[in-house]
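Secondary and tertiary structure notes
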Amino acid sequence: MAEEQNGPQEREAGAEPVGQRLWERDQELRSVDQAVDRLCREFAAGGLRIGELLVFSGSPGIGKTSMLEQVRRIAGARQDSTVLFARGNERQRREPFRVLRQLLLPVLSDLTEAEVEEVFGSWHNIVAPAIGLAPPSDEVERIDPQSVRDGLDFVITQLAPRRAPLVVIVDDLHAVDQESLTWLASFAVRARELPVLLVFAYRHEFEEEARALAQQIHERAARKHELLPLNPVSVAAIVHGEFAEADDAFCRQVWAVTAGGPYDTVALLREVRDQNLEPVEENSPRLRDLAAAARGEGRDYWLDKLGTTVLQFAWAAALLGTEIKEDLAGRICG
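Residues numbered from 1 in each chain as written. Predicted model: local features only at pLDDT ≥ 70, side-chain atom pairs only at ≥ 80, totals over all residues. Heavy atoms only, no water.

With respect to the overall build of the protein
Keep this limit in mind: Strands here are runs of E lasting at least two residues and helices are runs of H or I lasting at least four, both read from the DSSP assignment and numbered beginning at the N terminus. To sort residues, take the accessible area from a 1.4 Å probe on protein chains only and compare it with the maximum for the residue type: under 20% means buried, over 50% means exposed, and anything in between is partly exposed. Accessible surface area values rest on a Shrake-Rupley calculation with a 1.4 Å probe, where residue burial reflects the displayed protein chains alone.
What the protein contains, in helices and strands, is 15 helices and six strands. Counting only residues that meet the buried cut, the protein has 45% of its 334 residues in that class. As displayed, the protein has an accessible area near 17,800 Å², and 48% of this comes from carbon and sulfur atoms.

What follows is the structure, given as structure tokens:
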């Protein structure tokens, strides 16, 4: 059976999403099937230089994570494949090599002592502390990121044939720390020489220093998929799957409010059910506020978006009542 080195996050009981089917993603799923099948089939036939890069991009809530879950399911169902998974995190973007630790630590910590010697070679003292496999040594000088990346090149080259066919999946690539992203971008070039399938998903929201690396990754991808919003027919089908009695006008308004975003559609329907709202045209005007609440965009969200300066001026204006003078309100703010 396939070896899943980084298992999927567990769902809470009863938390299965409505509209779980991936609507309008048949082409993308075929691409995944073809890529995984090619990797496993050619490796079984003795191929080693069979690497490929597959990328999914799109706006927030468009279904990238759901697509990667399907990649993990498809790859995990293949005999003897190894699936590695990691996810970028915007709050932890400044932690060097955080994503590479998440990605590689499970499989590297599973090696036997003999395999460790073969896979790491002379790079153990440099790579092992960087990915969390060993504590930093006081006897070793501080290692620069380039040395770690050079060591990782050697390690992954030795590891890939031993755990092949290898499927490496990274979600939220736009939020990956710079050190990990730099290595992943360079590895995307060398992966062609290994029995590895790389699958990345990202928004077009890379920081300035990361945009060149993102462009490099995009250019190297053999399969590129920009996930698009759902059309009104698919959104209506999702609504009817949750509320069989929903009328057409209500379905159209759900599509208009969510702009065809799968995540927003599902989240909005949960709010509709939680509010015991009847899915009829008369209740359509309430959908926009419910959609904002589903995204966490309530009062506190919009107050935070205004910023401290605007809020202070608003408080000052409130103190002045109806006699609001800008210069006086400004002095009160100060």
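A short note on helix α11 (residues 262-274)
The test is simple: Expected span of a helix, by definition, is 1.5 Å for each gap between consecutive residues, and there is one gap fewer than residues.
In a regular helix each residue adds 1.5 Å, so 13 residues correspond to 18 Å; α11 covers 19 Å between its end C-alpha atoms and thus fits that length. Listed in full, the buried residues belonging to α11 are Pro 262, Asp 264, Thr 265, Val 266, Ala 267, Leu 268, Leu 269, Glu 271 and Val 272. Asn 276 occupies a position one or two residues after α11 and carries a positive phi of about 55°.

Some points on the nonpolar core
This is how the line gets drawn: Nine residue types can take part in a nonpolar core, namely buried Ala, Val, Leu, Ile, Met, Phe, Trp, Tyr and Cys, and a core is a set of them joined through side-chain atoms within 4.5 Å. Here a residue-residue contact requires only that any non-hydrogen atoms of the pair lie within 4.5 Å.
With 48 residues, the main nonpolar core has Leu 103, Leu 108, Phe 120, Leu 152, Leu 173, Leu 198 and Phe 200 as its most contacted residues. Among residues more than four places away in sequence, those in contact with Leu 173 are Leu 181, Leu 184, Phe 200, Ala 201, Tyr 202, Phe 206 and Ile 217. Counting residues in each nonpolar core, the second largest holds 24 residues, with Ile 74, Ala 75, Phe 85 and Val 199 among its members.

A short note on the pairing of strand β6 (residues 223-226)
To be explicit about the condition: Whether two strands pair comes down to DSSP finding at least two bridges between them.
What you see with β6 is a clean split: Arg 223 and His 225 sit on the buried side and Lys 224 and Glu 226 on the side with no burial. Bridge count for strand β2 (residues 52-57) against β6 is four bridges, and the pairing is parallel. In the sheet register, Phe 56 faces β6, and the bridge partner there is His 225.

Looking at a negative patch on the surface
The criterion, for reference: Exposure above 30% relative accessible area and no salt bridge define the residues that can form patches, which grow by joining like charges within 9 Å and nonpolar side chains of Val, Leu, Ile, Met, Phe, Trp and Tyr within 5 Å. Whenever Lys or Arg places a side-chain nitrogen within 4 Å of a carboxyl oxygen from Asp or Glu, that contact is recorded as a salt bridge. In this count, Lys and Arg are taken as positive residues and Asp and Glu as negative ones, while His and the chain termini are left out. For charged residues, the charge sits on one atom: NZ in Lys, CZ in Arg, CG in Asp, CD in Glu.
A contiguous patch of negative charge, built from Glu 245, Glu 278, Glu 281 and Glu 282, is present on the exposed surface. Inspection of the secondary structure puts Glu 281 in the loop between α11 and α12 (287-294).

Here's the deal with the packing of helix α10 (residues 248-258) against α11
Quick reminder of the rule: Axis geometry follows a simple rule: fit a line to the C-alpha atoms, using only the stretch in contact for helices, then measure angles between N-to-C directions, giving values from 0 to 180 degrees. Small angles under 35 degrees read as roughly parallel and large ones over 145 as roughly antiparallel, with 65 to 115 read as roughly perpendicular and the rest as oblique. Throughout, a crossing is termed right-handed when the near helix is turned clockwise from the far one, and left-handed when it is turned anticlockwise from it by less than a right angle. Each residue gets one label: Ala, Val, Leu, Ile, Met, Phe, Trp, Tyr, Cys and Pro are nonpolar, Asp, Glu, Lys and Arg are charged, and the others, such as Gly, are polar.
Here α10 crosses α11 at 125°, and the two axes come no closer than 9 Å. Classified by the interaxial angle, the pair formed by α10 and α11 is oblique. Once α10 is placed against α11, the crossing between them reads as right-handed. Taking contact as the criterion, the partners of Phe 250, Val 254, Val 257 and Thr 258 in α10 are, on α11, Asp 264, Thr 265, Leu 268 and Val 272. Partitioning the contact of α10 with α11 into residue classes produces five nonpolar, two polar and one charged.

With respect to the packing of α11 against α12
Between α11 and α12, the shortest axis-to-axis distance is 9 Å and the interhelical angle comes to 110°. On the basis of their axis angle, the class for α11 and α12 is roughly perpendicular. Considering the relative orientation of α11 and α12, their crossing is right-handed. Of the residues in α12, those in contact with Ala 267, Leu 268, Glu 271 and Val 272 of α11 are Leu 287, Leu 290, Ala 291, Ala 293 and Ala 294.

So, the side chain of Asn 283
Along the chain, the position of Asn 283 falls in the loop between α11 and α12. Contacts of Asn 283, omitting those with residues within four sequence positions, involve Leu 277 and Glu 278.

Re the pattern of salt bridges
Throughout the structure, instances matching the rule amount to 17 salt bridges. In this structure, Arg 38 engages Glu 42 in a salt bridge whose closest nitrogen and oxygen atoms are separated by 3.5 Å. Here Arg 38 and its partner Glu 42 are both found in helix α1 (residues 26-44), four residues apart, which amounts to about one turn of the helix. Overall, Arg 38 belongs to the partly exposed group, its relative accessible area being 24%. Note on Glu 42: relative accessible area 26%, which makes it partly exposed. In this structure, the salt-bridge partner of Arg 101 is Glu 95, at a minimum N-O distance of 4.0 Å. Classification of Glu 95 by relative accessible area gives partly exposed; the value is 33%. Here the salt bridges share partners, and the residues they tie into one network are Arg 38, Glu 42, Glu 52 and Arg 223.

As for the environment of Pro 136
Locating Pro 136 in the fold gives a position in the loop between α5 (124-130) and α6 (145-162). For Pro 136, a relative accessible area of 69% translates into the label exposed. In sequence terms Pro 136 and Ile 126 are 10 residues apart; their C-alpha atoms lie 8.9 Å from each other.

Overview of the packing of aromatic side chains
Put simply, the test is: Stacked, tilted and edge-to-face pairs are distinguished by plane angle, under 30 degrees for stacked and over 60 for edge-to-face with tilted covering the rest, among Phe, Tyr and Trp rings (Trp via its six-membered ring) whose centres lie within 6.5 Å. By definition here, charges over rings are those cases where NZ of Lys or CZ of Arg is within 6 Å of the ring centre and within 35 degrees of the ring normal.
Taken as a whole and judged by the stated rule, the model has two aromatic pairs. A centroid spacing of 4.7 Å and a plane angle of 10° characterise the contact between Trp 183 and Phe 187, whose relative ring orientation is stacked. Placement of both Trp 183 and Phe 187 in helix α7 (residues 178-190) is noted, with a separation of four residues, approximately one turn of the helix. Neither Trp 183 nor Phe 187 differs from the other in exposure class; each is buried. Positioned over the ring face of Phe 85 is Arg 72, at 3.9 Å from the centre of the ring.

Details of unusual backbone geometry
For the bond from Ala 164 to Pro 165, the omega torsion is -10°, close enough to zero to count as cis. Assignment of secondary structure puts Pro 165 in the loop between α6 and β4 (166-171). With phi around 65°, Phe 97 is a residue other than glycine that occupies positive phi space. Within the fold, Phe 97 resides in the loop between β3 (82-87) and α3 (98-108). Here Asn 276, not a glycine, exhibits a phi torsion of approximately 55°, which is positive. Relative to the elements of secondary structure, Asn 276 occurs in the loop between α11 and α12.

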